[in-house]
Amino acid sequence: MKKLIALVTAIVMLLGTCALADTLTMGTNAAFPPYEFYEDETIVGIDAEIAAAICEKLGYDLEILDMNFDGLISAVASGKIDFAMAGMTKTPEREQNVNFTITYAIGVQSIIVPENSPITCLDDLYVEGASYKIGVQQGTTGDIYCSDDFGADAVSQFLTGADAVAALVAGKLDCVVIDNNPAKAFVEANEGLKLLDTDYSEEEYAIAIALENTELLEKINAALEELIEDGTIAEIIAYYIPVEE
Ligand code: ARG
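On a predicted model such as this, the values are computed, not experimentally measured, just so you know. (Residues numbered from 1 in each chain as written. Predicted model: local features only at pLDDT ≥ 70, side-chain atom pairs only at ≥ 80, totals over all residues. Heavy atoms only, no water.)

Peer 1: When you look at the overall build of the protein in this model, what are you seeing that I'm missing?
Peer 2: Assigned secondary structure in the protein consists of nine helices and 14 strands. Overall size of the protein, expressed as C-alpha extent along the three principal axes, is 85 × 35 × 35 Å. Residues classed as buried in the protein amount to 45% of the 245 residues present. For the protein, contacts bridging at least 24 residues in sequence account for 71% of all contacts bridging at least 6. (Helix = DSSP H or I, 4+ residues; strand = E, 2+ residues; numbered from the N terminus. Buried < 20%, exposed > 50% of the residue type's maximum accessible area, 1.4 Å probe, protein only. Contact = heavy atoms within 4.5 Å.)

Peer 1: Explain the layout of surface pockets to me, please; I cannot follow it from the model alone.
Peer 2: Gaps left between atoms are located by rolling a probe of water-molecule size over the structure's atoms. Each pocket or cavity is described by its volume, and for the second largest pocket that value is around 150 Å³. In terms of lining, the second largest pocket is formed by Thr-89, Lys-90, Thr-91, Pro-92, Glu-93, Arg-94, Thr-141, Ile-144, Tyr-145 and Glu-203. Of all the elements, helix α5 (residues 141-150) adds the most residues to the lining of the second largest pocket, at three residues. (1 Å grid on protein atoms, 1.4 Å probe; cavity = no way out; pocket = protein on both sides within 12 Å on 5 of 7 lines; lining within 4 Å. Points joined across faces, edges and corners; volume = space filled by probe spheres on them.)

Peer 1: When you look at the environment of Ile-119 in this model, what are you seeing that I'm missing?
Peer 2: You can see Ile-119 is positioned in the loop between β8 (109-114) and α4 (122-126). In this view, Ile-119 contacts Val-113, Asp-124, Leu-125, Tyr-132, Asp-174, Cys-175 and Leu-196; residues no more than four positions away in its chain are not counted.

Peer 1: Looking at this model, I keep getting lost on the side chain of Gln-109. Mind explaining?
Peer 2: Structurally, Gln-109 can be placed in strand β8. One polar contact links Gln-109 to Thr-141, side chain to side chain, over a distance of 3.2 Å. Separated by 3.0 Å, the side chains of Gln-109 and Glu-203 make a polar contact. Contact partners of Gln-109, with chain neighbours within four places excluded, come to Thr-141, Gly-142, Tyr-145, Val-177, Ile-178, Asp-179, Thr-198, Tyr-200 and Glu-203. (Polar contact = N/O pair within 3.5 Å; in protein donor to acceptor, adjacent residues only side chain to side chain.)

Peer 1: What exactly am I supposed to notice about the environment of Tyr-240 here?
Peer 2: Here Tyr-240 shows up in helix α9 (residues 232-240). A residue is classified by how much of its surface remains accessible, and Tyr-240, at 17% relative accessible area, is buried. Along the chain, Tyr-240 and Leu-62 lie 178 residues apart, while their C-alpha atoms are 20 Å from each other. Look past the residues within four positions of Tyr-240 in its chain and what remains in contact with it is Pro-34, Phe-37, Val-44, Gly-45, Ile-46 and Glu-49.

Peer 1: Got a minute to help me understand the packing of helix α2 (residues 46-58) against helix α8 (residues 214-229) in this structure?
Peer 2: Packed helices, taken two at a time, are described by their axes: the angle between them and the distance between them. With their axes 9 Å apart at the nearest point, α2 and α8 run at an angle of 110° to one another. In terms of axis orientation, α2 runs roughly perpendicular to α8. In this structure, α2 meets α8 at a crossing whose hand is right-handed. For the pair formed by α2 and α8, the contact residues are Ile-50, Ala-53, Ile-54, Lys-57 and Leu-58 on the first element and Lys-219, Ile-220, Ala-223, Leu-224, Glu-226 and Leu-227 on the second. Partitioning the contact of α2 with α8 into residue classes produces eight nonpolar, no polar and three charged. (Axes fitted to C-alpha atoms, helices over the stretch in contact; angles between N-to-C directions. Parallel < 35°, antiparallel > 145°, perpendicular 65-115°, else oblique. Left-handed = near helix turned anticlockwise from the far one by under 90°. Nonpolar A, V, L, I, M, F, W, Y, C, P; charged D, E, K, R; others polar.)

Nothing here speaks to function; it is geometry throughout.
Pasting the structure below:
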């Protein structure tokens, strides 16, 4: 009888393990609405939902780790996370260390200023003798463009876009340069701020995967293609970024 119980227990345990799906770990920086942000304790947003749809299609469980944006590429490269999805722009520099999937969304850099700001357009930042304090999120494309164009002295780096916006609200900065949809969300969430468009060109958001993990790259690309084709991605984006009438 004891043996039978042991046998049954072993079978049940074995079945249990088989039923448990493998987990994919996604790294992100969850202060970047509408792509990733906290709703109570949970990370939600366009990236979290697309990642969940991909994992469901591929039969994985999804775990999301919140980390510093500028640590994401090395976390992917070292295998600490399976992929990074963080409104992350595909750039040639990053592509030296990770592979990117196909593009799933588009972003453009924007400028957030206080409502009464003397800055009215991107060109104002370049005017001879101008010395504006520009806030950015460390390691982002906004940081790279501004540090290149205006020099490290003009640029204050923050760990999150939300921290940069808080410093702007507190009067410590003249503007924040950040992707357009998070910029819109920050302007909506804070009194006294407005958004300026720029003519920075479009950036392509994609998922970063370790160079050697081409199997996962192919799987995720196949899932993304299906989710683009059947309208799931457009639906998720439209939910978080309602089209203005
Ligand atoms: N698109 C920009 C970049 O790739 C900013 C992304 C910031 N993302 C975030 N989740 N904080 O550099």
